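# Breakdown of the fold
Listed below are the residues making up each chain.
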Amino acid sequence: MDPTDTGADTDVRRRIPRTDAVLRDPRLLQAALRLGTARVKSAVHRAQQRAREGAVPPDAVADTAVSLLPRSAGGLRPVINATGVLLHTNLGRAPLSAAARQAVQEAAGPTDVELDLRTGVRARRGRTALAALRAAVPAAEAAHVVNNGAAALVLAATALAAGREIVVSRGEMVEIGDGFRLPDLLVSTGARLREVGTTNRTTAGDYAEAVGPDTAFVLKVHPSNFRITGFTRAATVGELAPLGVPVVVDIGSGLLAPHPLLPEEPDARTQLTAGAALVTASGDKLLGGPQCGLLLGRQTLITTLSRHPFARALRVDKLTLAALEATLTGPGTPTGEALTAAPEPLRRRAERLAAVLGADGIDARAVASEAAVGGGGAPGVTLPSAALSLPGRYAAPLRTGPVPVVGHLEAGRCLLDLRTVPAEDDDRLAGAVRAVGGR
């Protein structure tokens, strides 16, 4: 026996409940159904160890085990996006609408994703989602969906231009994020790039001189994460359509029709109407849907793309199809609501939160702020907003709290921009701030 052991220590250890007894707690039985028995048992063992170390009393083992359990079996944690960036890539870009979330839940079990229930034979995969996409963009003869925006462009280049040339402006040879550069992406498909024009000026004549028998298509890429101003010139789709080869336009941000707040952001309808043969875009940006890549355009080209062997490797699952269709046919999206939110209600919300938290002794102030679209959309566009200003020391504890809140630091203050926080989350936001202020 260890001579350092005391009778009190031994007594405490004897009072620690057995694992099987703790697991009979109704809260832990319910948690096992949600998280699995192994994860719940591990939490119990950690709680028992804390009791042995004297960190918690023996009769609090079950409560401690419950507190150690995650909300779900997955590792991703839901956060409150108070950054003021509507489409924050690090936070998963567009939050899904309630309709899309419900559609995902319903599609989680067996579905008719490739089955015609009426005839009992195989049907086209995701046919209702594709029909909804075509209905949203009537200028498109056909549509196809892949797993992200870059994949849409890669599929087009692979199926249409492998071993041939793609004519593209030097001013549109962009880096799309995380070090992925458009030239490298396209060359990896086996296509050759024919660069024309200069960084700031490329005319329709530059494209015309480069087009030849080996040209697969002309590519226009929206420089979605930067702007070139001053002495500039870019050829329009209308100027390029008569060149005799398909014009492929990567609009990037997924805007399907013109938006009054984003007059310089290209949209699928306008590009197709102007003569584009194919438009590629992302579904998880301004469209406000799940991560996916959209291809819209001529029936012949879409058929070629969808039947290419590479299309199988890029196809989306039933959950993405369900969320996409609900986004297209359901009510407005959180992204759309945040984009069009009026500044005055945002200011009133900030003032109310500042008053409520100030009454608790927290240094909270309502301040004007500027939000951004983000996600490579609408570069340079700022949206007038309002924010809750807190001491800078709040930033890290808010990120790591039970309800993670992500804001941004400005002039030594932690700003929580309310344009990206739904009004129904104000109470949760206030609770998270109080939890930090009470430490």
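Since the model is a prediction, treat every value here as computed from it, not as a measurement. (Residues numbered from 1 in each chain as written. Predicted model: local features only at pLDDT ≥ 70, side-chain atom pairs only at ≥ 80, totals over all residues. Heavy atoms only, no water.)

## Notes on the overall build of the chain
The helix and strand tally for the chain stands at 19 helices and 20 strands. With respect to the three principal axes, the spread of C-alpha positions in the chain is 95 × 55 × 45 Å. For the chain, with 439 residues in total, the buried portion stands at 45%. Once local pairs closer than 6 in sequence are excluded, the contacts in the chain between residues at least 24 apart make up 72%. On the chain, roughly 21500 Å² of surface is accessible, and the fraction owed to carbon and sulfur atoms is 53%. Of the side-chain charges in the chain, 50 are positive and 43 negative, and the distance between the mean point of each set is 4 Å. (Helix = DSSP H or I, 4+ residues; strand = E, 2+ residues; numbered from the N terminus. Buried < 20%, exposed > 50% of the residue type's maximum accessible area, 1.4 Å probe, protein only. Contact = heavy atoms within 4.5 Å. Areas by Shrake-Rupley, 256 points an atom, 1.4 Å probe, with all protein chains shown as cover. Lys, Arg positive; Asp, Glu negative; His and termini not counted. Charge placed at Lys NZ, Arg CZ, Asp CG, Glu CD.)

## Describing the sheet that holds strand S15 (residues 293-297)
Read from one edge of the open sheet, 7 strands run S5-S15-S14-S13-S11-S6-S9, paired in mixed fashion. At either end of the open sheet lies a strand with only one pairing partner, and these are strand S5 (142-146) and strand S9 (192-196). Within the sheet, the average angular offset between the axes of one strand and its neighbour, ignoring direction, is 25 degrees. Bridge analysis of strand S11 (residues 215-221) against strand S13 (residues 247-252) gives 4 bridges, and the strand direction is parallel. Bridge pairing in S13 links Leu-219 to Val-248. Set on the sheet, helix H7 (residues 127-136) makes contact with S5 and S15; between it and S5 the angle comes to about 125 degrees. (Pairing = 2+ DSSP bridges. Axes fitted to C-alpha atoms, helices over the stretch in contact; angles between N-to-C directions.)

## Focus on the pattern of salt bridges
Scanning all chains against the criterion turns up 22 salt bridges. Between Asp-112 and Arg-127 there is a salt bridge, and its shortest N-O distance comes to 3.8 Å. Remark: Arg-127 occurs in helix H7 and Asp-112 occurs in the loop between helix H6 (98-107) and strand S3 (115-116); sequence separation between them is 15 residues. In this structure, Lys-220 and Glu-172 form a salt bridge, with 2.8 Å as the shortest nitrogen-oxygen distance. Of the two residues, Lys-220 is situated in strand S11 and Glu-172 in the loop between strand S6 (165-169) and strand S7 (175-177); the sequence distance between them amounts to 48 residues. In terms of burial, Lys-220 and Glu-172 fall into one category: buried. (Salt bridge = Lys/Arg side-chain N within 4 Å of Asp/Glu carboxyl O.)

## Some thoughts on the sheet that holds strand S19 (residues 408-410)
Overall, mixed pairing links the 5 strands, which are arranged S2-S16-S17-S20-S19 in an open sheet. Every other strand in the sheet has two partners, leaving strand S2 (85-87) and S19 as the edge strands with one partner each. Strand-to-strand twist across the sheet, computed as the mean angle between neighbouring axes with direction ignored, equals 45 degrees. Examined bridge by bridge, strand S16 (residues 365-374) and strand S17 (residues 377-391) share 9 bridges and lie antiparallel to one another. Residue pairing in the sheet places Ala-368 in a bridge with Ala-386 of S17. Each of S16 and S17 touches helix H17 (residues 343-358); the most contacted strand, S17, lies at about 20 degrees to it.

## Let's talk about the environment of Pro-258
Secondary-structure assignment places Pro-258 in the loop between S13 and helix H12 (268-274). Distance from Pro-258 to Arg-269, taken between C-alpha atoms, is 7.7 Å for residues 11 residues apart in sequence. When neighbours within four sequence positions are excluded, Pro-258 is seen to be in contact with Asp-267, Arg-269 and Thr-270.

## A few points about the packing of H7 against helix H15 (residues 318-329)
Two quantities define a packed helix pair, namely the angle between the axes and the distance from one axis to the other. It is at 9 Å that the axes of H7 and H15 come closest, and there the two elements cross at 30 degrees. Taken together, the axis directions place H7 and H15 in an arrangement best described as roughly parallel. Considering how the two elements wind past one another, H7 and H15 form a crossing that is left-handed. Judged by residue contacts, Thr-128, Ala-129, Ala-132, Leu-133 and Ala-136 of H7 engage Leu-321, Glu-325, Leu-328 and Thr-329 from H15. Here the contact of H7 with H15 is built from residues that sort into 6 nonpolar, 2 polar and 1 charged. (Parallel < 35°, antiparallel > 145°, perpendicular 65-115°, else oblique. Left-handed = near helix turned anticlockwise from the far one by under 90°. Nonpolar A, V, L, I, M, F, W, Y, C, P; charged D, E, K, R; others polar.)

## Brief notes about the pairing of S16
Bridge count for S2 against S16 is 2 bridges, and the pairing is parallel. Among the inter-strand pairings, Leu-87 is bridged to a residue of S16, identified as Gly-374.

## Describing the environment of Ala-157
In this fold, Ala-157 is placed in helix H8 (residues 149-161). Sequence separation of Ala-157 and Arg-201 is 44 residues, and the distance between their C-alpha atoms is 24 Å. Apart from residues lying up to four places away in sequence, Ala-157 is in contact with Ala-162, Ile-166, Leu-186, Thr-189 and Phe-217.

## A word on unusual backbone geometry
In this structure, Arg-93 is a non-glycine residue whose phi angle is positive, near 55 degrees. Examined against the element boundaries, Arg-93 turns out to sit in the loop between S2 and H6.

## As for the side chain of Thr-280
In this structure, Thr-280 sits in strand S14 (residues 278-282). Only 3.1 Å separates the side chain of Thr-280 from the side chain of Asp-250, close enough to count as a polar contact. Apart from residues lying up to four places away in sequence, Thr-280 is in contact with Ala-152, Leu-153, Val-249, Asp-250, Ile-251, Gly-252, Leu-294 and Leu-295. (Polar contact = N/O pair within 3.5 Å; in protein donor to acceptor, adjacent residues only side chain to side chain.)

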